Each structure stands twice: as C-alpha cells, then as structure tokens.
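The lines below spell out each chain.
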Amino acid sequence: MEIVWTLIIGAVAGWLGSQIFRGGSLGLIGNIIVGILGSFVGYWLLGSVLNVSLGGGIIGSILTGAIGAIVILAILNLIFKSTRT
C-alpha cells in the first residue's frame, strides 16, 4: 500500500510542479517520475540545505515534492532548451 501512496503523491506533486512551471508537463508517467524524484530533491533541498520544513502528512509531502519537481523541470528546461533552438 505504501507504493500506491508514493505513486499518488508523486503524480500530484509532478502535476502541480508542471502547472506552476508552465511548459513542463511530461504526461502522466513523466509527472509521476518527476514528482517522485522531485520529492527526493525537495526533501534534500528544504531539509538539508535550507533547514525548512513544510510539515508532515500528505500536504507537506505534496508541497515538498512540487518544489523539487519545479527544480527538476527548470533544470530540464535549461538543458533541453538549448538543443531545441
């Protein structure tokens, strides 16, 4: 059951990140992957680097994952923007 919650939270975080970072939508599977990876990046960035906590529970996990997803989408945009033009 834990993996199901991880996928749901990852999908919501990835979708939220792609809505905030316009042009960053990668489809359902891409959003799940970016959201899950974004959770790791968000927890590392907010917890270890900035010493900030957005709280526990599902809402805190989604917000942290969305912040991490935005960071990942920004990096992907910088990398692939130069190859598209």
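Residues numbered from 1 in each chain as written. Predicted model: local features only at pLDDT ≥ 70, side-chain atom pairs only at ≥ 80, totals over all residues. Heavy atoms only, no water.

J.: Teacher, can you tell me more about the overall build of the chain here?
T.: For the chain, the helix and strand inventory stands at 3 helices and 0 strands. For the chain, the sequential pattern of α-helices and β-strands runs α-α-α. Relative to the 2.2 N^0.38 estimate, which gives 12 Å for 85 residues, the radius of gyration of the chain is 13 Å and therefore close to what a compact globule would have. Taking the principal axes of the C-alpha coordinates as reference, the chain spans close to 40 × 30 × 15 Å. When each of the 85 residues of the chain is scored for burial, the buried share is 32%. Pairs at least 24 apart in sequence give 65% of the contacts found in the chain among residues at least 6 apart. When the accessible area of the chain is evaluated, it comes to approximately 5,400 Å², of which 73% is carbon and sulfur surface. (Helix = DSSP H or I, 4+ residues; strand = E, 2+ residues; numbered from the N terminus. Rg over C-alpha atoms; globule rule 2.2 N^0.38 Å. Buried < 20%, exposed > 50% of the residue type's maximum accessible area, 1.4 Å probe, protein only. Contact = heavy atoms within 4.5 Å. Areas by Shrake-Rupley, 256 points an atom, 1.4 Å probe, with all protein chains shown as cover.)

J.: Help me out: how do you make sense of helix α1 (residues 2-20) in this one?
T.: Each α-helix turn comprises 3.6 residues. Residues three or four places apart therefore point the same way. Over its 19 residues, α1 extends 27 Å from the first C-alpha to the last, a length consistent with the 27 Å expected when each residue adds 1.5 Å. Listed as buried for α1 are Ile9, Gly10, Ala11, Ala13, Gly14, Gly17 and Ser18. (Expected span 1.5 Å × (residues − 1).)

J.: How do you make sense of a nonpolar patch on the surface when you look at a structure like this?
T.: A contiguous nonpolar patch, built from Trp44, Val49, Leu50, Val52, Leu54, Ile59, Leu63 and Ile67 and spanning about 720 Å² of accessible area, is present on the exposed surface. At the level of secondary structure, the elements contributing two or more residues to the nonpolar patch comprise α2 (27-49) and α3 (57-84). At 3 residues, the largest contribution of residues to the nonpolar patch is made by α3. Tracing the sequence through the fold places Ile67 in helix α3. We classify Ile67 as partly exposed; its relative accessible area is 32%. (Patch = residues over 30% accessible without salt bridge, like charges linked within 9 Å, V, L, I, M, F, W, Y side chains within 5 Å. Salt bridge = Lys/Arg side-chain N within 4 Å of Asp/Glu carboxyl O.)

J.: In this structure, what is going on with the packing of α1 against α2? I would like to understand it.
T.: Running from amino to carboxyl end, α1 crosses α2 at an angle of 100 degrees, the nearest separation of the two axes being 6 Å. Comparing the axis directions of α1 and α2 gives the class roughly perpendicular. Here Thr6, Leu7, Gly10, Ala11, Ala13, Gly14, Trp15 and Ser18 of α1 lie close against α2, whose contacting residues are Asn31, Ile32, Gly35 and Ile36. Looking at the contact of α1 with α2, its residues break down into 6 nonpolar, 6 polar and no charged. (Axes fitted to C-alpha atoms, helices over the stretch in contact; angles between N-to-C directions. Parallel < 35°, antiparallel > 145°, perpendicular 65-115°, else oblique. Nonpolar A, V, L, I, M, F, W, Y, C, P; charged D, E, K, R; others polar.)

J.: What should I look at first to understand the side chain of Ser39 in this one?
T.: Residue placement: Ser39 occurs in helix α2. Discounting chain neighbours no more than four positions away, the residues touching Ser39 are Thr64 and Gly65.

J.: Which parts of the structure should I look at to understand α2?
T.: Every buried residue of α2 is accounted for by Gly30, Asn31, Ile32, Val34, Gly35, Gly38, Ser39, Gly42 and Leu46. A positive backbone phi angle near 55 degrees is found at Asn51, which sits one or two residues after α2.

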